[in-house]
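Chain and residue survey
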Amino acid sequence: MKDSFILSRAGRLLFPLLLLLSLLVLYRGHNLPGGGFIGGLLAAASFLLVGLGDGMAEARRRVRIPPAVLMGVGLGVAVISGLFGMLGGAPFLTGLWLPSFSLPLLGTIHLGTPLLFDVGVYLTVIGFVLHTVFSLADFGWAEQDEEEPG
Amino acid sequence: MSGLLLLLPLLLPLAGTIVLLAGSLSVGFQRVGAVVCSGLTLVASLVLLVAVDRAGILVVQLGSWEAPFGISLVADRLSAVMVAFSALLGAAVAVFSLGEISRRRIQRFFYPLYLLLLFGVNGAFLTGDLFNLYVWFEVMLIASFVLTALGGARAELEGGLKYVILNLFSSALFLSAAGILYGVLGTLNLADLAVRLEASPDPGWLQAASLLILVAFGLKAAVFPLFFWLPASYHTPPSTVSAIFAGLLTKVGVYALIRVYTLVFEPLFPQAQGLLLAIAVLTMITGVLGAAAHFEMRRILSFHIVSQIGYMVLGLAFFTPLALAAAIFYIIHNMVAKTNLLLISGIVIRLQGTADLARVGGLYRSAPWLAVLFFLPAFSLAGIPPLSGFWAKLGVVRAGLEGGWWFAVAAALVVGILTLYSMTKIWAEAFWKPRPEGALPLMAGGVGRLGWMVVPVATLSVCTVALGVFGEFLFAFSERAADQLLSPQEYISTVLAGRGKE
């Protein structure tokens with residue numbers, strides 16, 4: 001692909017903003033539009049924007065973790081968020097909340113296991129989208145059909 | 001901690017998926033992880049089965065949201081026994097896979113997908129919510145589609161594409177039906193649906209929804225005339241994959257049919273009975289004729305899956321306690337025997353390079369042990385006493401005679417004979433006749449140790465014999481399960497127990 005200066009520059013500038021926005025969407029999602037799924041898509045889009053401007057290798061470098069691992073970690077976080085309720089004798093996935101507190105600039109903060117579940121969804125979605133796109137970007141593996149001894 | 005008891009058959013395969021996805025991609029780690037995880041799932045499912053049989057229906061209201069607002073997980077006898085036997089197959093096939101699945105597939109996440117499939121199947125058996133059932137179907141569909149197409153060869157992709165398109169179509173119908181039911185009755189919890197359906201003023205819509213669901217589940221279960229995707233896609237992936245599909249996927253469709261017709265659509269059943277009978281008989285006949293016309297082991301067996309589904313639906317269509325018990329027994333027997341036969345076809349491919357009956361032969365001489373292992377499930381499938389298939393067929397036939405369904409009983413008996421014909425054909429061609437000229441070189445198709453493939457096949461063959469010899473015990477269990485299905489009051493009151501508290 002021919003390098004586009006505008007795309008590459010815009011990607012680098014928008015990358016941190018989009019990532020921040022995705023976190024904001026993730027956080028407000030419990031009672032307002034947003035949540036882990038949309039936040040995850042936004043975060044994945046920020047990596048893909050870099051990938052379009054500077055190549056998928058650069059996008060991969062910025063993710064650092066292999067997307068499949070990200071999916072696994074995300075699913076793991078979601079499951080663990082469900083287990084907290086069981087520790088207290090309630091059914092799986094029962095929501096538990098910490099007492100809310102205030103921070104300067106951000107206002108009142110609510111933290112609890114439903115948010116943790118959403119973080120799990122967030123990571124899983126990022127992992128899934130990036131895994132899919134990176135696989136499509138490396139297209140060509142389908143040529144090798146032969147089984148090799150394992 | 002009955003909640004944990006019910007959750008473990010779901011959480012264990014999910015945890016296994018997560019660990020294998022996020023952990024090392026080394027072949028050893030993936031293999032050990034998959035076998036250990038499926039083994040633990042088996043233990044947890046057996047504990048659940050015993051607990052449910054003794055203590056009655058178990059319910060977990062996920063997230064403490066009481067039914068009908070939250071999602072309920074419910075285990076009655078039917079669910080628990082399905083979970084237990086699918087876990088048995090999951091563990092057996094996981095061991096078998098050690099001898100077949102190549103390094104390349106493992107590094108493309110074969111095992112996380114395999115465990116995800118078990119997760120989805122168990123979820124479909126345990127959910128008490130119609131929409132949630134749709135979600136579990138999708139989990140199964142995602143995992144099974146990738147498993148079919150993982151090799152990336154042309155035949156695999158072609159089979160996988162047919163499989164995914166037809167199943168998506170079925171999902172769309174299912175979703176429309178769920179939408180109609182929600183629009184008319186305002187709930188999707190199965191127990192709550194059962195309560196509200198009786199008092200509904202709008203039977204036309206409900207009839208439409210029930211028929212849409214019949215088509216959707218019928219497609220998943222591969223009944224006539226919606227079965228054609230199955231023989232088109234089951235012979236292309238590795239035997240590990242086709243064996244686990246054969247054992248689990250269509251049975252989930254049959255399970256879902258039994259569940260909705262006994263619990264939710266019971267008042268509408270009289271109108272559907274004729275249709276179900278016709279579907280069952282035609283499924284039996286077309287499946288067995290398709291099998292008679294084919295000459296490749298896995299294709300023959302795929303058509304037999306279709307044919308056997310007919311018997312199970314027939315049990316549902318008779319709708320007497322005996323018939324339902326026979327259908328449950330039939331599903332269990334068939335899961336074990338059919339998976340085993342497909343695993344054996346994998347060993348045949350391993351030993352002779354192909355499962356095309358024209359190009360294999362002489363197995364009775366070169367591998368007499370395999371002949372014995374094949375003989376047991378094959379003749380069980382045909383219904384030869386004292387193997388498990390005999391009791392299953394006997395139950396269906398007796399129920400039919402009691403109800404006076406002569407035509408269906410005659411069809412079931414004729415199909416039994418034709419099944420025997422197909423099994424004899426495989427026996428004569430693969431085992432009895434000498435190796436033909438131009439056969440592939442011996443041991444051409446192998447990637448791992450043969451021993452890993454033989455142990456699960458032997459175990460499942462022993463299971464088939466045990467299910468036959470101790471048939472009375474299992475049949476008594478099936479009757480208890482059928483009673484529970486036919487008097488759904490216990491199911492409904494257990495699921496909706498929390499509603500009175502508010």
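Before reading further, recall that the structure is shown in the block above.
My aim in this report is to walk through the structure given alongside it, one point at a time.

About the criteria used
Residues numbered from 1 in each chain as written. Chains lettered and ligands numbered in written order. Predicted model: local features only at pLDDT ≥ 70, side-chain atom pairs only at ≥ 80, totals over all residues. Heavy atoms only, no water. Helix = DSSP H or I, 4+ residues; strand = E, 2+ residues; numbered from the N terminus. Rg over C-alpha atoms; globule rule 2.2 N^0.38 Å. Buried < 20%, exposed > 50% of the residue type's maximum accessible area, 1.4 Å probe, protein only. Contact = heavy atoms within 4.5 Å. Areas by Shrake-Rupley, 256 points an atom, 1.4 Å probe, with all protein chains shown as cover. Lys, Arg positive; Asp, Glu negative; His and termini not counted. Charge placed at Lys NZ, Arg CZ, Asp CG, Glu CD. Salt bridge = Lys/Arg side-chain N within 4 Å of Asp/Glu carboxyl O. 1 Å grid on protein atoms, 1.4 Å probe; cavity = no way out; pocket = protein on both sides within 12 Å on 5 of 7 lines; lining within 4 Å. Points joined across faces, edges and corners; volume = space filled by probe spheres on them. Nonpolar A, V, L, I, M, F, W, Y, C, P; charged D, E, K, R; others polar. Axes fitted to C-alpha atoms, helices over the stretch in contact; angles between N-to-C directions. Parallel < 35°, antiparallel > 145°, perpendicular 65-115°, else oblique. Left-handed = near helix turned anticlockwise from the far one by under 90°. Phe/Tyr/Trp six-rings, centres within 6.5 Å; stacked < 30°, edge-to-face > 60°.

Once that is clear, we can look at the overall build of chain A. Looking only at helices and strands, chain A has five helices and two strands in total. Its C-alpha radius of gyration of 19 Å places chain A more than 25% over the 15 Å reference for a compact globule of 150 residues. Along the first, second and third principal axes, the C-alpha set of chain A runs to 50 × 45 × 20 Å. Across the 150 residues that make up chain A, the buried fraction comes to 36%. Once local pairs closer than 6 in sequence are excluded, the contacts in chain A between residues at least 24 apart make up 64%. Taken as a whole, chain A presents about 8900 Å² of accessible surface, with 72% of it coming from carbon and sulfur. Averaged over its 8 positive side-chain charges, chain A has a centre that lies 19 Å from the centre of its 10 negative ones.

This paragraph deals with the environment of A:Phe134. Residue and element names in this part refer to chain A. Within the secondary structure layout, phenylalanine 134 lies in helix α5 (residues 113-137). Look at phenylalanine 134 and you get buried, because its relative accessible area is 2%. Distance from phenylalanine 134 to leucine 115, taken between C-alpha atoms, is 28 Å for residues 19 residues apart in sequence. Ignoring anything within four residues of it in the chain, the contact list for phenylalanine 134 reads Met56, Ala59, Arg60, Val63 and Pro67.

In this section: the pattern of salt bridges. Residue and element names in this part refer to chain B. Within the structure shown, the criterion is met by twelve salt bridges over all chains. We note a salt bridge from lysine 162 to glutamate 158, for which the minimum N-O separation is 3.3 Å. Of this pair, lysine 162 and glutamate 158 both sit in helix α7 (residues 154-185), four residues apart, roughly one helical turn. Looking at lysine 162, the relative accessible area reads 35%, which means it is partly exposed. Assessed through its relative accessible area of 46%, glutamate 158 is described here as partly exposed.

This next bit is on empty space enclosed by the protein. Residues and elements named next belong to chain B. Under the definition given, this model contains three cavities of 30 Å³ or more. For the largest cavity, the full set of lining residues is Phe137, Met140, Leu141, Tyr163, Asn167, Lys220, Trp229, Leu249, Thr250 and Gly253. The set of elements that each furnish at least two residues to the lining of the largest cavity consists of α6 (130-149), α7 and α11 (239-264). Among the residues forming the lining of the largest cavity, the class breakdown is six nonpolar, three polar and one charged. There is about 50 Å³ of room inside the second largest cavity. Considering the residues around the second largest cavity, the lining is formed by Ala124, Thr127, Leu133, Leu190, Tyr255, Ala256, Arg259 and Val260.

Residues and elements named next belong to chain A. It is at 10 Å that the axes of helix α1 (residues 5-28) and α5 come closest, and there the two elements cross at 140°. On the basis of their axis angle, the class for α1 and α5 is oblique. As for the relative orientation of α1 and α5, their crossing is right-handed in sense. Residues Leu19, Ser22, Leu23, Leu26 and Tyr27 of α1 form the contact with α5, whose participating residues are Leu115, Asp118, Val119 and Tyr122. Across the contact of α1 with α5, the residue classes tally to seven nonpolar, one polar and one charged.

With that settled, consider the packing of aromatic side chains. Residues and elements named next belong to chain B. The final tally for this structure, using the stated rule, is 30 aromatic pairs over all chains. Ring plane angle 15° and centroid distance 6.2 Å describe the contact between phenylalanine 110 and tyrosine 114, whose orientation is recorded as stacked. On the criterion of helical spacing, the pair formed by phenylalanine 110 and tyrosine 114 is a turn pair, its members being four residues apart in helix α5 (residues 110-126). A residue is classified by how much of its surface remains accessible, and tyrosine 114, at 2% relative accessible area, is buried. Ring geometry for phenylalanine 390 against tryptophan 391: centres 5.1 Å apart, planes inclined by 70°, an arrangement best described as edge-to-face.

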